[in-house]
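# Structural description and commentary
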Amino acid sequence: CKKKALLVMGKRLWKRIVQDPGKLEVKTDNAEIENVAKHKLLGMIIDEDLTYEVQVDGLCDNFPK
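Residues numbered from 1 in each chain as written. Predicted model: local features only at pLDDT ≥ 70, side-chain atom pairs only at ≥ 80, totals over all residues. Heavy atoms only, no water.

### Describing the sheet that holds strand β2 (residues 26-28)
Taken in spatial order, the three strands line up as β1-β3-β2 in an open sheet, and their pairing is mixed. Whereas interior strands pair on both sides, the edge strands pair on one side only; in this sheet they are β1 (4-5) and β2. Pairing geometry for β2 and strand β3 (residues 31-35), over three bridges, is antiparallel. When the sheet's bridge partners are listed, Thr28 is paired in β3 with Ala31. (Pairing = 2+ DSSP bridges. Helix = DSSP H or I, 4+ residues; strand = E, 2+ residues; numbered from the N terminus.)

### Quick look at the pairing of β3
Bridge count for β1 against β3 is two bridges, and the pairing is parallel. For Lys4, the partnering residue across the bridge sits in β3 and is Glu34. Hairpin remark: β2 followed by β3, antiparallel, with two residues in the connecting loop; positive phi at Asp29, about 50 degrees.

### A closer look at the confidence of the model for the protein chain
Looking at the protein chain as a whole, the pLDDT averages 77, with 75% of positions reaching at least 70. Confidence, expressed as mean pLDDT per element, reaches its minimum in the protein chain at helix α1 (residues 11-16) with 67 and its maximum at strand β4 (residues 38-41) with 87. (pLDDT = per-residue confidence, 0-100.)

Structure below.
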């Protein structure tokens, strides 16, 4: 079973983070969990800013032209 970590924050919180925002280290049972910027959950793509841009772009790419 692959495990992933997604740090979800609003745009204002990104400015308050002192450490590198792109690096989130999560470990369990001495195994590091992969950090991702977006992930599909229940058919919906969720990104770290809680925007729908990735979801809408994916839907538009699959729409017949």
